[in-house]
Protein chains: 2
Amino acid sequence: MADLDLDEIYRFAIQLGKNAGDMLLSAANARINGTAHAVSTEKESAVDLVTQTDEDVEAFIKQRILSMYPDHKFVGEESYSKGNSKQYLIDHAPTWCVDPLDGTVNYIHLVPFYCVSIGFVVNHEPVIGIVNAPFLHQLFSACKGKGAWLNETQQLPLLRNPIPPLRQEAPKGCVFSCEWGKDRRDARDGNLQRKIESFVNMATELGGRHGKGGMVHGVRSLGSATLDLAYCAMGSFDIWWEGGCWEWDVCAGICLLNEAGGLVTTANPPDDFDTAEIKPANLGGRLYLAIRAAGGSDGETGRQAQERTARAVWRRVRTLDYSRPGV
Amino acid sequence: MADLDLDEIYRFAIQLGKNAGDMLLSAANARINGTAHAVSTEKESAVDLVTQTDEDVEAFIKQRILSMYPDHKFVGEESYSKGNSKQYLIDHAPTWCVDPLDGTVNYIHLVPFYCVSIGFVVNHEPVIGIVNAPFLHQLFSACKGKGAWLNETQQLPLLRNPIPPLRQEAPKGCVFSCEWGKDRRDARDGNLQRKIESFVNMATELGGRHGKGGMVHGVRSLGSATLDLAYCAMGSFDIWWEGGCWEWDVCAGICLLNEAGGLVTTANPPDDFDTAEIKPANLGGRLYLAIRAAGGSDGETGRQAQERTARAVWRRVRTLDYSRPGV
């Protein structure tokens, strides 16, 4: 990163996120005013959709980036999806990883939880993350070493004087965020069944589900992986567990969460989940478990509390099958 | 209603909703600034909570109402919950039905989806509804005959030039909103199991689940019945299906949805659900199925499309058991 001016790139990315958010809001308002319509096209299933707005906003972002930083690589959801491969394309080079419109289903229905997600990755590490949800008036930004911020003024997590610990009985008492996703096949022991079994374990009273009941405070589904991560960075969601999304859905959000003191590892429980080393999630691995920042208490550090909580989730969830080439 | 000045009461209620929303935001900001903490007490279960903020905001609202309208009745969540009865207390008299803080779990965790909900009921009909979600900058208001509004300027539903129809294949293509709720008992065929079975039916591909698969566009859970209804009024959520909440959770939201052209009936499928008359939901019945406003198309009126969609939901959901005295 020696020859990269991260400060300058961060300022550029924040402005880009603001401009792209304005485009999303203008397109939504044009529909509200009756001067435009959302025309969507199915991609891989009836719930995997792209609109003209996704494509317009991606073209805008890509053009801005490549004119400012012609040496950087660009991986965007819509241009990627037009290719044939599902290969993971990020390498050591400085790369922008962009979802022009995360929460496309929300956007089509004008559910407020849609956003633009702009990540910048160096050596496989997301070092800048910008998420702008314009209908919610929520702009999230983070840069390595500079913390994570809401609307440029409120440092995250929101509660930081002090940062609350994670209770010993966690996931009891936690807000658990999860998504039903796009794979809706009625396959015996398929991903949908495994997800649901995991959600139900997390929700059921302690002692229930043959000891797997987690009695979380609440189960939340927004329909945007990016906002799920941003809300973990806020400290609002304690736990987010997900399989099936892609690097552009999580790149900016992982940077936000890291800078807010959170932890991101894999969704799939290792064989020895009670003792396994907790490694950072693979950016392109399509499997993510996020835990919010935690304060220390009772002789336990915040990191130890996060790892304890991650293991408590792994104990209650099923392994998901989202493989891809190149990872 | 002859002797009620609804215009004046509506103006009063909007201002009250603004003031109460400011109180919620101030209390949240005091926690963010480290000058206060959320202390919560369990009510009926580990996820049924009340904070000092719920009680302070209810006391404020009640005092304002009873000093302005001493002849009106008042039913608020927190004062009601302190009583022993679960009786439905609303009768023909003009009654304010208030939840000072809907989404208490969200508020405790600073998840943005919390709001104050102020309803005014005459002859069992919610005729004024105010919902203020201050962290989201979303103030919803409605009065019988005057439409439903977002932030006092944007009439609902958002898409109204024209209002989109509900597709023939609905619930396919719909955004489906539902809540996991507070009853987390691991009881065979209990409410939790019945809810989950219903959610899974709605989510699974068409043809799946022995023909019950609904292939909805997305499944959303915000943790606030009030906001679920407000988002149906926006037209963002097509369908909300829920059992277990109370009249103060839905009173203002039902007024919003009615004024936006939506439909609210019971969550529980009648025996003859394909042909049964579709009746308005019982305010205190704890069982709600909401369908957004719909435009007409292909020789079908909007109301016919809503009823078709309600029946398509009933075909896929289980009967829930939330009985109470007095209803």
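Residues numbered from 1 in each chain as written. Chains lettered and ligands numbered in written order. Predicted model: local features only at pLDDT ≥ 70, side-chain atom pairs only at ≥ 80, totals over all residues. Heavy atoms only, no water.

Here we look at the overall build of chain A
Here comes step 1: Summing up its helical and strand segments, chain A has 8 helices and 14 strands in all.
Here comes step 2: For a compact globule of 327 residues, the expected C-alpha radius of gyration is about 20 Å, and chain A comes in at 19 Å, within 12% of that figure.
Here comes step 3: Taking the principal axes of its C-alpha atoms as reference, chain A extends roughly 55 × 45 × 40 Å.
Here comes step 4: Buried residues in chain A amount to 63% of all 327 residues.
Here comes step 5: Nonlocal contacts in chain A, meaning residues at least 24 apart in sequence, comprise 67% of its contacts between residues at least 6 apart.
Here comes step 6: Total accessible area on chain A is roughly 12,000 Å²; 48% of this is exposed by carbon and sulfur atoms.
Here comes step 7: Averaging the positions of the 33 positive and the 41 negative side-chain charges in chain A gives two centres separated by 4 Å. (Helix = DSSP H or I, 4+ residues; strand = E, 2+ residues; numbered from the N terminus. Rg over C-alpha atoms; globule rule 2.2 N^0.38 Å. Buried < 20%, exposed > 50% of the residue type's maximum accessible area, 1.4 Å probe, protein only. Contact = heavy atoms within 4.5 Å. Areas by Shrake-Rupley, 256 points an atom, 1.4 Å probe, with all protein chains shown as cover. Lys, Arg positive; Asp, Glu negative; His and termini not counted. Charge placed at Lys NZ, Arg CZ, Asp CG, Glu CD.)

Quick notes on the pattern of salt bridges
All names here are of chain A.
Here comes step 1: Using the criterion set out here, one finds 32 salt bridges over all chains in the structure.
Here comes step 2: With a shortest N-O distance of 2.8 Å, R303 and E307 are connected by a salt bridge. With R303 and E307 both in helix 8 (residues 302–314) and 4 residues apart, the pair spans about one turn of that helix.
Here comes step 3: R311 is paired through a salt bridge with E307; the nearest N and O atoms lie 3.6 Å apart. Here the residue R311 and the residue E307 both occupy positions in helix 8, the gap between them amounting to 4 residues, near one helical turn.
Here comes step 4: Among the charged side chains, a salt-bridge network with shared partners connects D189, R194, E197 and R318. (Salt bridge = Lys/Arg side-chain N within 4 Å of Asp/Glu carboxyl O.)

A few points about the environment of B:D22
Here comes step 1: Positionally, B:D22 belongs in helix 1 (residues 6–32).
Here comes step 2: Along the primary structure B:D22 and B:S141 are separated by 119 residues, whereas in three dimensions their C-alpha atoms are 16 Å apart.

Focus on the packing of helix 1 (residues 6–32) of chain A against helix 2 (residues 52–68) of chain A
Residues and elements named next belong to chain A.
Here comes step 1: Running from N to C, helix 1 and helix 2 cross one another at 155 degrees; their axes reach a closest spacing of 10 Å. Taken together, the axes of helix 1 and helix 2 are roughly antiparallel relative to one another. Seen along the crossing, helix 1 lies across helix 2 with a hand that is right-handed. Of the residues in helix 2, those touching helix 1 at E8, F12, L16, N19, A20, M23, L24 and A27 are T53, D56, V57, F60, I61, R64, I65 and M68.
Here comes step 2: In terms of residue class, the contact of helix 1 with helix 2 is made up of 11 nonpolar, 2 polar and 3 charged. (Axes fitted to C-alpha atoms, helices over the stretch in contact; angles between N-to-C directions. Parallel < 35°, antiparallel > 145°, perpendicular 65-115°, else oblique. Left-handed = near helix turned anticlockwise from the far one by under 90°. Nonpolar A, V, L, I, M, F, W, Y, C, P; charged D, E, K, R; others polar.)

Describing the interface of chain A and chain B
Here comes step 1: If you look at the interface, chain A gives 56 residues, while chain B gives 56 residues.
Here comes step 2: Counting each side, the surface lost to burial between chain A and chain B is near 4,800 Å², with a carbon and sulfur contribution of 64%.
Here comes step 3: Across the contact surface, chain A and chain B share 0 salt bridges.
Here comes step 4: On inspection of chain A and its partner chain B, the count reaches 25 residue pairs in polar contact (both at pLDDT 80 or more).
Here comes step 5: Elements that contribute at least two residues to the side of chain A that touches chain B include exactly helix 1, helix 4 (104–109), helix 5 (191–203), strand 11 (218–220) and helix 6 (225–234) of chain A.
Here comes step 6: Counting residues per element, the side of chain A that touches chain B draws most heavily on helix 5 of chain A, at 5 residues. (Buried area = accessible area lost by both parts, 1.4 Å probe. Polar contact = N/O pair within 3.5 Å; in protein donor to acceptor, adjacent residues only side chain to side chain.)

Looking at the domain arrangement of chain A
All names here are of chain A.
Here comes step 1: Assigned domains within chain A: domain 1 (6–156) and domain 2 (175–314).
Here comes step 2: Here domain 1 and domain 2 have C-alpha centroids that lie 23 Å from each other.
Here comes step 3: Listed as interface residues are 44 residues of domain 1 and, on the opposing side, 25 residues of domain 2.
Here comes step 4: Across the domain 1/domain 2 interface, buried area totals approximately 2,600 Å², and carbon plus sulfur atoms make up 69% of it.
Here comes step 5: When the buried surface of domain 1 facing domain 2 is broken down by residue, Y88, P126 and L156 rank first, second and third, together holding 20% of it.
Here comes step 6: Where domain 1 touches domain 2, the interface holds 8 residue pairs in polar contact (both at pLDDT 80 or more).
Here comes step 7: Listed by contribution, the elements that provide at least two residues to the side of domain 1 that touches domain 2 are helix 3 (77–82), strand 4 (95–102), strand 5 (115–122), strand 6 (125–133), strand 7 (138–143) and strand 8 (148–150).
Here comes step 8: In terms of residue count, the dominant contributor to the side of domain 1 that touches domain 2 is strand 6 (7 residues).
Here comes step 9: Looking at the side of domain 1 that touches domain 2 residue by residue, the classes come out as 26 nonpolar, 11 polar and 7 charged. (Domains from an automatic or database assignment.)

Describing the relation of the copies chain A and chain B
Here comes step 1: For the pair chain A and chain B, the best superposition has an RMSD of 0.0 Å and corresponds to a rotation of 180 degrees with a translation of 0.0 Å parallel to the axis. This pairing of chains is accounted for by a two-fold axis. When each C-alpha of chain A is compared by its distance to the rotation axis, A:S221 comes out closest, at 2.4 Å. (Least-squares fit on C-alpha atoms with pLDDT ≥ 70 in both.)

Description of the sheet that holds strand 4 (residues 95–102) of chain B
Residues and elements named next belong to chain B.
Here comes step 1: Pairing in this open sheet of 7 strands is mixed, and the strands run 3-4-5-6-7-8-9 from one edge to the other. Both outer strands of the open sheet, strand 3 (73–76) and strand 9 (154–156), are each paired with one neighbouring strand and no more. Mean inter-strand twist for the sheet, computed between neighbouring axes without regard to direction, equals 20 degrees.
Here comes step 2: As paired strands, strand 4 and strand 5 (residues 115–122) are joined by 6 bridges and run antiparallel to one another. (Pairing = 2+ DSSP bridges.)

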